[in-house]
Amino acid sequence: FAASKVFHSDYTYEKTMAAVKESIVNLGYSYYDLYLTHSALGGKEARLAAYKALLDAKADGLIRSVGVSNYSAKHMEEIREAGLEMPAVNQVELHPFCQQKPIVEYCNKNNIVVQAYTPLLRGTLDDPVIQELATKYSRDAAQILIRWSLQRGIVPLPKSSQPQRIISNIQVFDWKIESMDMAKLDALDRGKDGAVTWNPVDAD
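Residues numbered from 1 in each chain as written. Predicted model: local features only at pLDDT ≥ 70, side-chain atom pairs only at ≥ 80, totals over all residues. Heavy atoms only, no water.

J.: Any chance you could explain the packing of helix α5 (residues 128-137) against helix α6 (residues 141-151) here in plain terms?
T.: When two helices pack together, their arrangement is given by the angle between the helix axes and by the axis-to-axis distance. For the pair α5 and α6, the least separation of the axes is 8 Å and the interaxial angle reads 95 degrees. Taken together, α5 and α6 sit at an angle that is classed as roughly perpendicular. In this structure, α5 contributes Ile130, Gln131, Leu133, Ala134 and Tyr137 to the contact, and α6 contributes Ala141, Ile144 and Leu145. Class assignment for the residues of the contact of α5 with α6 results in seven nonpolar, one polar and no charged. (Axes fitted to C-alpha atoms, helices over the stretch in contact; angles between N-to-C directions. Helix = DSSP H or I, 4+ residues; strand = E, 2+ residues; numbered from the N terminus. Parallel < 35°, antiparallel > 145°, perpendicular 65-115°, else oblique. Contact = heavy atoms within 4.5 Å. Nonpolar A, V, L, I, M, F, W, Y, C, P; charged D, E, K, R; others polar.)

J.: Teacher, can you tell me more about α5 here?
T.: One turn of the α-helix equals 3.6 residues, which is why residues spaced by three or four share an orientation. Turning to α5, its buried residues number three or more, namely Val129, Ile130, Leu133, Ala134 and Tyr137. Buried residues of α5, viewed axially, fall in a sector of 135 degrees; they line one side. Opposite the packed face of α5, turned more than 90 degrees from it, sit the exposed residues Pro128 and Thr135. With its phi angle positive at about 55 degrees, Ser138 sits one or two positions after the end of α5. (Buried < 20%, exposed > 50% of the residue type's maximum accessible area, 1.4 Å probe, protein only. Arc of directions from axis to C-beta.)

J.: Help me understand the packing of aromatic side chains, please; the structure alone is not making it clear to me.
T.: The description of two aromatic rings rests on the distance between their centres and on the angle between their planes. One pass over the full model with this rule turns up three aromatic pairs. Plain terms: the ring middles of Tyr29 and Tyr31 are 5.0 Å apart, the flat faces sit at 45 degrees to each other, and that makes the pair tilted. On the basis of an interplanar angle of 40 degrees and a centroid distance of 6.0 Å, the ring pair of Tyr137 and Trp175 is categorised as tilted. Within this pair, whereas Tyr137 is found in helix α5, its partner Trp175 is found in the loop between α7 (163-169) and α8 (179-186), the two being separated by 38 residues in sequence. Across the pair, exposure class does not vary: Tyr137 and Trp175 are buried alike. (Phe/Tyr/Trp six-rings, centres within 6.5 Å; stacked < 30°, edge-to-face > 60°.)

J.: Would you mind showing me how to read the pairing of strand β1 (residues 3-6) here?
T.: One face of the sheet, then the other: side chains in a regular strand alternate in exactly this way. Burial along β1 is one-sided: the residues Ser4 and Val6 are buried and none of Ala3 and Lys5 is. Pairing between β1 and strand β2 (residues 32-37): four bridges, direction parallel. Counterpart to Val6 in the pairing with β2 is Thr37. Handedness of the crossover is the feature at issue here: the chain leaves β1, passes through helix α1 (residues 13-27), returns alongside β2, and the resulting connection is right-handed. (Pairing = 2+ DSSP bridges. Right-handed = clockwise from strand over helix to strand, strands pointing away.)

J.: Teacher, can you tell me more about the pairing of β2 here?
T.: Most of β2 is tucked away, with six of its six residues classed as buried. With five bridges joining them, β2 and strand β3 (residues 63-69) adopt parallel strand pairing. Residue pairing in the sheet places Leu36 in a bridge with Gly67 of β3.

J.: Just to check I follow, could you spell out the packing of α5 against α8 for this structure?
T.: Interhelical geometry of α5 versus α8 gives an angle of 160 degrees and a closest axis separation of 10 Å. Judged by the inter-axis angle, α5 sits roughly antiparallel to α8. In this structure, α5 crosses over α8, and the sense of that crossing is left-handed. Of the residues in α8, those in contact with Val129, Ile130, Glu132, Leu133, Lys136 and Tyr137 of α5 are Asp181, Lys184 and Leu185. (Left-handed = near helix turned anticlockwise from the far one by under 90°.)

In structure tokens form, the structure reads like this:
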């Protein structure tokens with residue numbers, strides 16, 4: 001599954017289309033499965049120009065699905081109001097401490113898949129609630145966080161360079177977190193204050 005992003009510095013129609021074509025050449029393949037705008041920075045006009053270029057690249061067979069990253073409901077509504085096809089995916093920072101509830105609600109209502117980047121808190125897994133549940137379920141803390149995402153209908157994107165950790169991260173489909181324990185994780189939400197990355201969802 002090949003995916004890439006266009007950065008806001010390339011948010012014109014021409015630059016975005018050129019970036020897609022150059023990226024495909026570098027990939028050595030004929031298309032991307034998913035191509036996203038990297039953020040909502042750059043302003044409405046620039047965002048829409050880049051997004052329109054991605055849709056046209058999809059029409060040309062260069063992209064299978066078009067998505068966005070770090071978009072709030074406001075930014076996705078701009079796409080709807082412009083009469084354009086809605087994104088297949090919105091990729092945002094999302095974990096128990098930063099649950100992005102308004103964005104998730106909007107995406108769920110509009111059949112947009114929510115992908116969670118930084119679902120493992122950049123390795124800061126020492127919260128007592130997470131550790132308590134890891135012990136209870138005989139799982140590691142990362143597995144607790146990944147399983148929480150899955151049970152919330154979110155697609156987590158955990159990263160690791162360690163083979164054993166990659167294997168561990170996919171061992172999350174044959175067990176569940178009980179509802180009372182999901183509620184404990186849900187209660188960790190601190191909104192925007194819980195973010196551990198730049199989280200630019202409030203861009204103008």
